Amino acid sequence: DGDVFKYYADGEWKKSSSGKSVAIINPTTRKTQYKVQACSQEEVNKVMDLAKSAQKLWAKTPLWKRAELLHKAAAILKEHKAPIAECLVKEIAKPAKDAVTEVVRSGDLISYCAEEGVRILGEGKFLVSDSFPGNERTKYCLTSKIPLGVILAIPPFNYPVNLAVSKIAPALIAGNSIVLKPPTQGAVSALHMVHCFHLAGFPKGLISCVTGKGSEIGDFLTMHPGVNCISFTGGDTGIAISKKAGMIPLQMELGGKDACIVLEDADLDLVAANIIKGGFSYSGQRCTAVKVVLVMESVADALVEKVNAKVAKLSVGPPENDSDITPVVSESSANFIEGLVLDAKEKGATFCQEYKREGNLIWPLLLDNVRPDMRIAWEEPFGPVLPVIRINSVEEGIHHCNASNFGLQGCVFTKDVNKAMLISDAMETGTVQINSAPARGPDHFPFQGIKDSGIGSQGITNSINMMTKVKTTVINLP
Ligand code: G3H
(Lines give C-alpha, C1' and ligand atoms only; values in the text may rest on other atoms or scores of the structure.)
Protein backbone atom coordinates (compact mmCIF):
# COMPACT_ATOMS: atom_id res chain seq x y z
CA ASP A 1 0.00 0.00 0.00
CA GLY A 2 1.77 3.08 -1.29
CA ASP A 3 -0.07 5.35 1.13
CA VAL A 4 1.55 3.91 4.21
CA PHE A 5 5.06 5.11 5.08
CA LYS A 6 7.47 2.22 5.46
CA TYR A 7 9.54 1.55 8.57
CA TYR A 8 13.34 1.32 8.49
CA ALA A 9 15.31 -1.82 9.29
CA ASP A 10 18.44 -3.50 7.95
CA GLY A 11 19.22 -0.42 5.88
CA GLU A 12 15.96 -0.76 3.95
CA TRP A 13 12.43 0.60 3.93
CA LYS A 14 9.94 -2.14 4.75
CA LYS A 15 6.27 -2.90 4.97
CA SER A 16 5.10 -4.58 8.11
CA SER A 17 3.84 -8.12 7.69
CA SER A 18 1.07 -7.21 10.15
CA GLY A 19 -0.72 -5.59 7.23
CA LYS A 20 -1.90 -2.94 9.70
CA SER A 21 -1.19 0.75 9.87
CA VAL A 22 -1.47 3.61 12.35
CA ALA A 23 -3.16 6.86 11.33
CA ILE A 24 -1.56 10.22 12.06
CA ILE A 25 -4.19 12.89 12.60
CA ASN A 26 -3.36 16.44 11.52
CA PRO A 27 -4.13 18.54 14.65
CA THR A 28 -5.40 21.42 12.52
CA THR A 29 -7.72 19.62 10.12
CA ARG A 30 -8.37 16.72 12.54
CA LYS A 31 -8.27 14.41 9.53
CA THR A 32 -5.84 11.61 8.76
CA GLN A 33 -2.72 13.17 7.27
CA TYR A 34 -0.39 10.17 7.01
CA LYS A 35 -0.26 6.50 7.85
CA VAL A 36 2.68 4.50 9.16
CA GLN A 37 3.31 0.78 9.53
CA ALA A 38 2.06 -0.98 12.65
CA CYS A 39 5.13 -3.13 13.28
CA SER A 40 4.75 -6.46 14.99
CA GLN A 41 6.66 -7.91 17.95
CA GLU A 42 8.33 -10.32 15.56
CA GLU A 43 9.64 -7.39 13.54
CA VAL A 44 10.93 -5.78 16.73
CA ASN A 45 12.79 -8.99 17.54
CA LYS A 46 14.42 -8.93 14.12
CA VAL A 47 15.46 -5.30 14.50
CA MET A 48 16.99 -6.03 17.92
CA ASP A 49 19.07 -8.89 16.50
CA LEU A 50 20.32 -6.71 13.66
CA ALA A 51 21.10 -3.85 16.04
CA LYS A 52 23.14 -6.16 18.21
CA SER A 53 25.33 -7.50 15.43
CA ALA A 54 25.72 -4.14 13.67
CA GLN A 55 26.84 -2.58 16.94
CA LYS A 56 29.72 -5.02 17.35
CA LEU A 57 31.27 -3.87 14.07
CA TRP A 58 30.43 -0.21 14.65
CA ALA A 59 32.25 -0.23 17.99
CA LYS A 60 35.40 -1.23 16.07
CA THR A 61 34.97 1.53 13.50
CA PRO A 62 37.51 4.30 14.20
CA LEU A 63 36.09 7.21 16.16
CA TRP A 64 37.05 9.74 13.48
CA LYS A 65 35.12 7.72 10.89
CA ARG A 66 32.04 7.64 13.09
CA ALA A 67 32.36 11.41 13.47
CA GLU A 68 32.76 11.85 9.73
CA LEU A 69 29.50 10.00 9.05
CA LEU A 70 27.68 12.06 11.66
CA HIS A 71 28.91 15.29 10.08
CA LYS A 72 27.63 14.00 6.76
CA ALA A 73 24.22 13.16 8.23
CA ALA A 74 24.06 16.64 9.80
CA ALA A 75 24.68 18.31 6.45
CA ILE A 76 22.10 16.14 4.66
CA LEU A 77 19.54 16.81 7.40
CA LYS A 78 19.99 20.55 6.96
CA GLU A 79 19.55 20.18 3.19
CA HIS A 80 16.24 18.43 3.88
CA LYS A 81 14.98 21.07 6.30
CA ALA A 82 12.08 22.24 4.12
CA PRO A 83 10.30 18.89 3.55
CA ILE A 84 10.90 17.77 7.14
CA ALA A 85 9.56 21.06 8.49
CA GLU A 86 6.50 20.58 6.32
CA CYS A 87 5.87 17.21 7.97
CA LEU A 88 6.23 18.82 11.41
CA VAL A 89 3.65 21.43 10.43
CA LYS A 90 1.18 18.75 9.32
CA GLU A 91 1.79 16.20 12.06
CA ILE A 92 2.22 18.28 15.19
CA ALA A 93 1.03 21.75 14.09
CA LYS A 94 4.37 23.36 14.88
CA PRO A 95 4.50 26.91 13.47
CA ALA A 96 6.32 26.82 10.12
CA LYS A 97 9.37 28.86 11.20
CA ASP A 98 9.83 26.92 14.45
CA ALA A 99 9.64 23.70 12.45
CA VAL A 100 12.58 24.79 10.30
CA THR A 101 14.48 25.89 13.41
CA GLU A 102 13.97 22.45 14.93
CA VAL A 103 15.61 20.75 11.94
CA VAL A 104 18.53 23.18 11.73
CA ARG A 105 19.13 22.93 15.48
CA SER A 106 19.16 19.15 15.07
CA GLY A 107 21.84 19.32 12.38
CA ASP A 108 23.96 21.52 14.64
CA LEU A 109 23.43 19.13 17.52
CA ILE A 110 24.67 16.17 15.46
CA SER A 111 27.81 18.04 14.37
CA TYR A 112 28.56 19.23 17.90
CA CYS A 113 28.13 15.66 19.12
CA ALA A 114 30.62 14.40 16.58
CA GLU A 115 33.18 17.02 17.66
CA GLU A 116 32.60 16.53 21.37
CA GLY A 117 32.71 12.75 20.96
CA VAL A 118 36.11 12.64 19.30
CA ARG A 119 37.50 14.77 22.14
CA ILE A 120 36.01 13.12 25.21
CA LEU A 121 36.07 9.56 23.91
CA GLY A 122 39.60 10.00 22.69
CA GLU A 123 40.85 10.29 26.25
CA GLY A 124 41.18 7.82 29.08
CA LYS A 125 42.88 7.68 32.46
CA PHE A 126 46.04 6.13 33.78
CA LEU A 127 46.18 5.25 37.49
CA VAL A 128 48.91 3.77 39.62
CA SER A 129 48.35 1.51 42.63
CA ASP A 130 50.61 2.99 45.29
CA SER A 131 48.33 5.86 46.18
CA PHE A 132 46.04 3.43 48.04
CA PRO A 133 47.30 2.22 51.44
CA GLY A 134 49.14 -1.10 51.44
CA ASN A 135 49.97 -1.07 47.73
CA GLU A 136 53.29 -0.91 45.99
CA ARG A 137 53.62 0.64 42.55
CA THR A 138 52.97 -2.70 40.91
CA LYS A 139 49.66 -2.09 39.15
CA TYR A 140 48.92 0.24 36.27
CA CYS A 141 45.27 0.85 35.51
CA LEU A 142 44.11 2.06 32.08
CA THR A 143 40.57 3.30 31.60
CA SER A 144 38.57 3.90 28.47
CA LYS A 145 34.91 4.42 27.64
CA ILE A 146 33.14 1.62 25.82
CA PRO A 147 29.65 1.61 24.30
CA LEU A 148 26.66 0.15 26.12
CA GLY A 149 25.28 -1.72 23.09
CA VAL A 150 21.76 -1.18 21.77
CA ILE A 151 20.13 2.11 22.76
CA LEU A 152 16.35 2.40 22.59
CA ALA A 153 15.39 6.01 21.81
CA ILE A 154 11.84 7.20 22.46
CA PRO A 155 11.31 10.89 21.74
CA PRO A 156 8.06 12.83 22.33
CA PHE A 157 5.66 14.47 19.88
CA ASN A 158 6.79 18.03 20.56
CA TYR A 159 10.30 17.58 19.13
CA PRO A 160 10.10 14.39 17.04
CA VAL A 161 13.29 15.31 15.17
CA ASN A 162 15.36 17.23 17.68
CA LEU A 163 14.71 15.01 20.68
CA ALA A 164 15.38 11.99 18.47
CA VAL A 165 18.79 13.19 17.29
CA SER A 166 19.68 14.30 20.83
CA LYS A 167 19.58 10.57 21.62
CA ILE A 168 20.77 9.14 18.28
CA ALA A 169 23.91 11.25 17.79
CA PRO A 170 25.47 10.67 21.25
CA ALA A 171 24.61 6.97 21.00
CA LEU A 172 26.27 6.59 17.60
CA ILE A 173 29.41 8.58 18.28
CA ALA A 174 29.94 6.46 21.39
CA GLY A 175 29.76 3.26 19.34
CA ASN A 176 26.22 2.15 20.13
CA SER A 177 23.45 1.12 17.76
CA ILE A 178 20.03 2.73 17.78
CA VAL A 179 16.46 1.49 17.75
CA LEU A 180 14.16 4.48 17.40
CA LYS A 181 10.49 4.36 18.28
CA PRO A 182 9.10 7.74 17.21
CA PRO A 183 5.92 9.21 18.65
CA THR A 184 2.88 8.57 16.44
CA GLN A 185 2.37 12.32 15.91
CA GLY A 186 5.75 13.11 14.41
CA ALA A 187 6.54 9.63 13.07
CA VAL A 188 6.77 10.75 9.44
CA SER A 189 9.08 13.66 10.34
CA ALA A 190 11.23 11.15 12.23
CA LEU A 191 11.25 8.70 9.31
CA HIS A 192 12.39 11.50 7.01
CA MET A 193 15.14 12.39 9.49
CA VAL A 194 16.22 8.72 9.55
CA HIS A 195 16.32 8.84 5.76
CA CYS A 196 19.06 11.49 6.09
CA PHE A 197 21.14 9.08 8.19
CA HIS A 198 20.45 6.43 5.56
CA LEU A 199 21.73 8.73 2.80
CA ALA A 200 24.85 9.47 4.84
CA GLY A 201 25.73 5.78 4.52
CA PHE A 202 25.67 4.32 8.03
CA PRO A 203 26.09 0.52 8.12
CA LYS A 204 22.98 -1.64 7.73
CA GLY A 205 21.15 -2.51 10.92
CA LEU A 206 22.93 0.13 12.99
CA ILE A 207 19.94 2.46 12.94
CA SER A 208 16.36 1.21 12.86
CA CYS A 209 13.09 3.01 13.15
CA VAL A 210 10.03 1.01 14.13
CA THR A 211 6.59 2.56 14.10
CA GLY A 212 3.43 1.16 15.60
CA LYS A 213 0.94 1.06 18.38
CA GLY A 214 2.19 1.53 21.92
CA SER A 215 -0.21 -1.19 23.05
CA GLU A 216 1.38 -3.68 20.66
CA ILE A 217 5.09 -2.87 20.77
CA GLY A 218 5.54 -0.29 23.58
CA ASP A 219 6.19 -2.57 26.55
CA PHE A 220 7.66 -5.16 24.24
CA LEU A 221 10.37 -2.69 23.23
CA THR A 222 11.09 -1.24 26.66
CA MET A 223 11.22 -4.67 28.31
CA HIS A 224 13.14 -6.30 25.47
CA PRO A 225 16.21 -8.21 26.70
CA GLY A 226 18.19 -6.90 23.72
CA VAL A 227 17.98 -3.29 24.92
CA ASN A 228 21.00 -2.03 26.87
CA CYS A 229 19.83 1.51 27.63
CA ILE A 230 16.65 3.53 27.25
CA SER A 231 16.62 7.24 26.50
CA PHE A 232 13.06 8.51 26.83
CA THR A 233 11.44 11.93 26.74
CA GLY A 234 7.73 12.26 27.36
CA GLY A 235 5.09 12.11 30.04
CA ASP A 236 3.99 9.70 32.77
CA THR A 237 4.74 6.72 30.53
CA GLY A 238 8.35 7.22 31.59
CA ILE A 239 7.50 6.38 35.19
CA ALA A 240 5.85 3.15 34.04
CA ILE A 241 8.87 2.34 31.85
CA SER A 242 11.29 2.88 34.72
CA LYS A 243 9.33 0.44 36.88
CA LYS A 244 9.34 -2.26 34.21
CA ALA A 245 12.78 -1.84 32.66
CA GLY A 246 15.52 -4.26 33.56
CA MET A 247 18.92 -3.47 35.09
CA ILE A 248 19.94 -1.01 32.39
CA PRO A 249 20.83 2.69 32.47
CA LEU A 250 17.86 4.98 31.95
CA GLN A 251 17.83 8.56 30.75
CA MET A 252 14.42 10.11 31.26
CA GLU A 253 12.89 13.51 30.93
CA LEU A 254 9.27 13.57 31.93
CA GLY A 255 7.92 17.09 31.93
CA GLY A 256 7.77 19.85 34.47
CA LYS A 257 5.86 22.63 36.13
CA ASP A 258 8.47 25.32 35.65
CA ALA A 259 7.87 28.28 37.94
CA CYS A 260 8.69 31.88 37.14
CA ILE A 261 9.37 33.75 40.38
CA VAL A 262 9.11 37.52 40.00
CA LEU A 263 10.60 39.78 42.67
CA GLU A 264 9.65 43.39 43.38
CA ASP A 265 12.76 44.86 41.75
CA ALA A 266 12.41 42.87 38.50
CA ASP A 267 12.43 44.54 35.09
CA LEU A 268 8.76 43.91 34.33
CA ASP A 269 9.09 44.42 30.57
CA LEU A 270 11.77 41.76 30.48
CA VAL A 271 9.59 39.47 32.61
CA ALA A 272 6.54 39.98 30.40
CA ALA A 273 8.52 39.24 27.24
CA ASN A 274 9.90 36.05 28.80
CA ILE A 275 6.50 34.95 30.07
CA ILE A 276 5.16 35.23 26.53
CA LYS A 277 8.11 33.38 25.03
CA GLY A 278 8.34 30.87 27.87
CA GLY A 279 4.64 30.28 28.39
CA PHE A 280 3.16 30.48 24.92
CA SER A 281 5.75 29.45 22.33
CA TYR A 282 4.56 26.30 20.53
CA SER A 283 1.33 26.92 22.42
CA GLY A 284 2.90 25.91 25.74
CA GLN A 285 3.69 22.38 24.53
CA ARG A 286 7.24 22.32 25.86
CA CYS A 287 8.40 20.52 28.97
CA THR A 288 10.40 23.66 29.79
CA ALA A 289 7.50 26.06 29.26
CA VAL A 290 6.78 28.54 32.04
CA LYS A 291 3.87 26.75 33.68
CA VAL A 292 3.19 28.93 36.70
CA VAL A 293 4.01 32.56 37.45
CA LEU A 294 4.69 33.33 41.13
CA VAL A 295 4.71 37.11 41.39
CA MET A 296 5.07 39.42 44.38
CA GLU A 297 1.70 41.01 45.10
CA SER A 298 3.08 44.57 44.95
CA VAL A 299 4.06 44.24 41.27
CA ALA A 300 1.41 41.72 40.19
CA ASP A 301 -1.11 44.20 38.75
CA ALA A 302 1.56 45.91 36.66
CA LEU A 303 2.98 42.61 35.41
CA VAL A 304 -0.41 41.11 34.52
CA GLU A 305 -1.26 44.25 32.56
CA LYS A 306 1.98 44.04 30.57
CA VAL A 307 1.51 40.32 29.86
CA ASN A 308 -2.11 40.87 28.80
CA ALA A 309 -1.05 43.55 26.34
CA LYS A 310 1.34 41.06 24.75
CA VAL A 311 -1.17 38.18 24.80
CA ALA A 312 -3.53 40.39 22.80
CA LYS A 313 -0.89 40.60 20.08
CA LEU A 314 -0.38 36.85 19.69
CA SER A 315 -1.68 35.54 16.39
CA VAL A 316 -3.91 32.51 16.61
CA GLY A 317 -4.41 30.15 13.68
CA PRO A 318 -2.95 27.40 11.53
CA PRO A 319 0.76 26.51 11.69
CA GLU A 320 1.11 27.02 7.93
CA ASN A 321 0.56 30.76 8.54
CA ASP A 322 3.27 30.72 11.16
CA SER A 323 0.73 31.72 13.80
CA ASP A 324 2.04 32.11 17.34
CA ILE A 325 -0.70 29.93 18.77
CA THR A 326 -1.60 26.81 16.80
CA PRO A 327 -3.89 23.84 17.51
CA VAL A 328 -2.70 21.59 20.33
CA VAL A 329 -1.59 18.12 19.33
CA SER A 330 -4.81 16.16 19.83
CA GLU A 331 -8.40 16.39 20.84
CA SER A 332 -7.73 14.57 24.10
CA SER A 333 -5.02 17.10 24.91
CA ALA A 334 -7.42 19.97 24.19
CA ASN A 335 -10.04 18.31 26.40
CA PHE A 336 -7.52 17.92 29.22
CA ILE A 337 -6.56 21.60 29.00
CA GLU A 338 -10.22 22.56 29.00
CA GLY A 339 -10.74 20.47 32.14
CA LEU A 340 -8.05 22.48 33.94
CA VAL A 341 -9.55 25.77 32.75
CA LEU A 342 -13.07 24.84 33.87
CA ASP A 343 -11.80 23.69 37.26
CA ALA A 344 -10.05 27.05 37.73
CA LYS A 345 -13.21 28.88 36.69
CA GLU A 346 -15.34 26.98 39.18
CA LYS A 347 -12.87 27.75 41.96
CA GLY A 348 -12.78 31.49 41.21
CA ALA A 349 -9.67 32.26 39.13
CA THR A 350 -9.67 35.59 37.29
CA PHE A 351 -9.90 35.12 33.52
CA CYS A 352 -7.77 37.82 31.87
CA GLN A 353 -9.14 36.80 28.46
CA GLU A 354 -12.26 34.98 27.47
CA TYR A 355 -11.82 31.21 27.17
CA LYS A 356 -12.17 30.27 23.53
CA ARG A 357 -11.70 26.97 21.71
CA GLU A 358 -12.38 25.75 18.18
CA GLY A 359 -11.49 22.10 17.64
CA ASN A 360 -7.96 21.66 18.94
CA LEU A 361 -7.23 25.38 18.76
CA ILE A 362 -7.26 27.08 22.15
CA TRP A 363 -6.80 30.85 22.41
CA PRO A 364 -4.05 32.03 24.77
CA LEU A 365 -5.28 32.52 28.28
CA LEU A 366 -3.78 34.04 31.41
CA LEU A 367 -5.46 33.04 34.67
CA ASP A 368 -4.84 35.47 37.53
CA ASN A 369 -5.42 34.92 41.26
CA VAL A 370 -4.93 31.17 40.96
CA ARG A 371 -4.86 29.41 44.32
CA PRO A 372 -3.32 26.14 45.48
CA ASP A 373 -6.68 24.34 45.55
CA MET A 374 -6.95 24.64 41.76
CA ARG A 375 -5.63 21.80 39.63
CA ILE A 376 -3.85 24.22 37.29
CA ALA A 377 -1.64 25.34 40.19
CA TRP A 378 0.04 21.90 40.04
CA GLU A 379 -0.72 20.11 36.78
CA GLU A 380 0.93 20.86 33.46
CA PRO A 381 -1.63 21.90 30.83
CA PHE A 382 0.78 21.49 27.88
CA GLY A 383 -1.27 24.18 26.23
CA PRO A 384 -1.51 27.98 25.93
CA VAL A 385 -2.99 28.50 29.39
CA LEU A 386 -0.88 30.05 32.12
CA PRO A 387 -1.74 30.47 35.83
CA VAL A 388 -0.54 33.42 37.93
CA ILE A 389 -0.27 32.97 41.68
CA ARG A 390 0.29 36.09 43.74
CA ILE A 391 2.77 35.69 46.58
CA ASN A 392 3.61 37.83 49.60
CA SER A 393 7.15 36.62 50.15
CA VAL A 394 9.94 34.95 48.22
CA GLU A 395 9.69 32.03 50.67
CA GLU A 396 6.09 31.49 49.63
CA GLY A 397 7.20 31.24 45.99
CA ILE A 398 10.00 28.82 46.76
CA HIS A 399 7.62 26.77 48.87
CA HIS A 400 5.12 26.47 46.01
CA CYS A 401 7.87 25.54 43.57
CA ASN A 402 9.27 22.86 45.87
CA ALA A 403 5.87 21.41 46.74
CA SER A 404 5.52 20.31 43.11
CA ASN A 405 6.12 16.68 42.19
CA PHE A 406 8.11 18.04 39.23
CA GLY A 407 11.55 19.63 39.31
CA LEU A 408 12.71 20.37 35.79
CA GLN A 409 13.63 24.05 35.51
CA GLY A 410 12.54 27.32 37.04
CA CYS A 411 13.38 30.97 36.64
CA VAL A 412 13.76 34.00 38.84
CA PHE A 413 13.60 37.64 37.82
CA THR A 414 15.41 40.22 39.96
CA LYS A 415 18.22 42.74 39.57
CA ASP A 416 19.83 41.43 42.77
CA VAL A 417 22.06 38.61 41.57
CA ASN A 418 23.00 37.56 45.10
CA LYS A 419 19.37 37.07 45.99
CA ALA A 420 18.86 35.20 42.71
CA MET A 421 21.70 32.81 43.58
CA LEU A 422 20.19 32.05 46.99
CA ILE A 423 16.79 31.43 45.39
CA SER A 424 18.40 29.20 42.77
CA ASP A 425 20.03 27.17 45.54
CA ALA A 426 16.70 26.85 47.31
CA MET A 427 14.70 25.75 44.26
CA GLU A 428 14.53 21.96 43.89
CA THR A 429 14.86 21.88 40.12
CA GLY A 430 17.51 20.63 37.71
CA THR A 431 18.18 24.13 36.36
CA VAL A 432 17.33 27.66 37.41
CA GLN A 433 17.52 30.49 34.88
CA ILE A 434 18.22 33.95 36.21
CA ASN A 435 16.42 36.68 34.25
CA SER A 436 15.31 34.46 31.38
CA ALA A 437 12.65 31.87 30.66
CA PRO A 438 13.51 28.19 31.12
CA ALA A 439 14.96 26.40 28.09
CA ARG A 440 16.91 23.24 27.36
CA GLY A 441 19.40 24.84 25.00
CA PRO A 442 22.08 25.65 24.06
CA ASP A 443 22.17 21.91 23.56
CA HIS A 444 25.57 21.33 25.11
CA PHE A 445 24.35 22.65 28.49
CA PRO A 446 23.48 19.98 31.04
CA PHE A 447 19.74 19.33 31.11
CA GLN A 448 18.10 17.37 33.90
CA GLY A 449 15.07 17.12 36.09
CA ILE A 450 14.69 15.94 39.64
CA LYS A 451 11.74 14.17 41.29
CA ASP A 452 9.11 13.16 38.68
CA SER A 453 10.89 15.25 36.02
CA GLY A 454 13.44 12.60 35.27
CA ILE A 455 16.48 10.44 35.73
CA GLY A 456 20.03 11.31 34.73
CA SER A 457 21.34 14.34 32.91
CA GLN A 458 21.23 15.18 29.22
CA GLY A 459 22.97 17.75 27.09
CA ILE A 460 25.51 16.60 24.53
CA THR A 461 28.47 15.83 26.81
CA ASN A 462 26.38 14.17 29.50
CA SER A 463 24.48 12.07 26.98
CA ILE A 464 27.68 10.79 25.37
CA ASN A 465 29.08 9.85 28.77
CA MET A 466 25.80 8.29 29.86
CA MET A 467 25.77 6.06 26.80
CA THR A 468 29.16 4.58 27.63
CA LYS A 469 30.58 2.45 30.36
CA VAL A 470 34.04 2.66 31.89
CA LYS A 471 36.29 -0.25 31.03
CA THR A 472 39.56 -0.80 32.83
CA THR A 473 42.58 -2.93 32.09
CA VAL A 474 45.10 -3.44 34.87
CA ILE A 475 48.70 -4.29 34.10
CA ASN A 476 50.22 -6.23 37.00
CA LEU A 477 53.98 -5.84 37.16
CA PRO A 478 56.09 -8.69 38.43
O1 G3H B 1 9.85 19.55 25.70
C2 G3H B 1 10.95 19.35 26.19
C3 G3H B 1 12.16 19.90 25.56
O4 G3H B 1 13.30 19.22 26.05
C5 G3H B 1 12.28 21.38 25.76
O6 G3H B 1 13.23 21.89 24.92
O7 G3H B 1 13.55 24.12 25.98
O8 G3H B 1 14.34 23.67 23.67
O9 G3H B 1 11.91 23.85 24.14
P10 G3H B 1 13.26 23.48 24.66
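It should be emphasised that the depicted structure is a prediction, and the values quoted were computed from it without experimental measurement. (Residues numbered from 1 in each chain as written. Predicted model: local features only at pLDDT ≥ 70, side-chain atom pairs only at ≥ 80, totals over all residues.)

Attention now moves to the sheet that holds strand E22 (residues 431-434). The seven strands lie next to each other as E15-E18-E19-E14-E13-E21-E22, forming an open sheet whose pairing is mixed. In this open sheet, the two strands that pair with only one neighbour each are strand E15 (350-351) and E22. Looking at chain direction, E15 and strand E18 (residues 365-368) are connected through two bridges and run antiparallel. Counterpart to Phe-351 in the pairing with E18 is Leu-367. (Pairing = 2+ DSSP bridges. Helix = DSSP H or I, 4+ residues; strand = E, 2+ residues; numbered from the N terminus.)

Here we take up the UniProt feature "active site" (unreviewed entry) in the chain. In the numbering used here, UniProt assigns the "active site" (unreviewed entry) feature to Glu-253. Along the chain, Glu-253 falls in strand E12 (residues 250-253). For Glu-253, a count of 28 C-beta atoms within 10 Å puts it in the buried group. Excluding residues within four positions of it along the chain, Glu-253 makes contact with Thr-233, Cys-287, Gly-449, Ser-453, Gly-454 and Gln-458. (UniProt positions renumbered as here; feature names shortened; annotations may be inferred. Buried ≥ 20, exposed ≤ 12 C-beta atoms within 10 Å, placed from the backbone. Contact = placed C-beta atoms within 7 Å.)

With twelve residues, helix H5 (residues 162-173) extends 17 Å from end C-alpha to end C-alpha; this agrees with the ideal 16 Å at 1.5 Å per step. When H5 is considered as a whole, its buried residues turn out to be Asn-162, Leu-163, Ala-164, Val-165, Ser-166, Lys-167, Ile-168, Ala-169, Pro-170, Ala-171, Leu-172 and Ile-173. (Expected span 1.5 Å × (residues − 1).)

Looking now at the nonpolar core. Of all hydrophobic cores here, the largest spans 139 residues; its most connected members are Leu-70, Ile-110, Ile-178, Val-262, Val-293, Leu-294 and Leu-367. Apart from the residues lying within four places of it in its own chain, the contact partners of Val-262 are Val-271, Val-293, Leu-294, Val-295, Met-296, Val-299, Leu-303 and Phe-413. (Core = buried A, V, L, I, M, F, W, Y, C linked by C-beta atoms within 7 Å.)

Our focus in this paragraph is the sheet that holds strand E4 (residues 21-25). Read from one edge to the other, the open sheet built from three strands follows the order E1-E5-E4, with strand pairing classed as mixed. Two strands in the sheet have a free side with no partner beyond their single neighbour: strand E1 (4-5) and E4. Here E1 pairs with strand E5 (residues 32-37) via two bridges, running parallel. By the bridge assignment, Phe-5 is partnered in E5 with Val-36.

Our focus in this paragraph is unusual backbone geometry. A cis geometry characterises the amide bond from Gly-441 onward to Pro-442, with omega recorded as -5 degrees. Relative to the helices and strands, Pro-442 is located in the loop between E22 and strand E23 (447-448). One non-glycine residue, Phe-382, lies in the positive phi region at around 55 degrees. One can find Phe-382 in the loop between E18 and strand E19 (385-391). C-beta crowding within 10 Å serves as the criterion here: with 24 such atoms nearby, Phe-382 is assigned to the buried category.

In the contact formed by helix H9 (residues 268-280) and helix H10 (residues 297-311), the axes pass within 9 Å of each other and the chain directions differ by 50 degrees. It follows from the interaxial angle that H9 and H10 lie oblique. Our pair here, H9 against H10, has a crossing hand that is right-handed. Listed contacts from H10 to Leu-268, Asp-269, Val-271, Ala-272, Ile-275 and Ile-276 of H9 are Val-299, Ala-302, Leu-303, Lys-306, Val-307 and Lys-310. Its residues assigned to classes, the contact of H9 with H10 shows nine nonpolar, no polar and three charged. (Axes fitted to C-alpha atoms, helices over the stretch in contact; angles between N-to-C directions. Parallel < 35°, antiparallel > 145°, perpendicular 65-115°, else oblique. Left-handed = near helix turned anticlockwise from the far one by under 90°. Nonpolar A, V, L, I, M, F, W, Y, C, P; charged D, E, K, R; others polar.)

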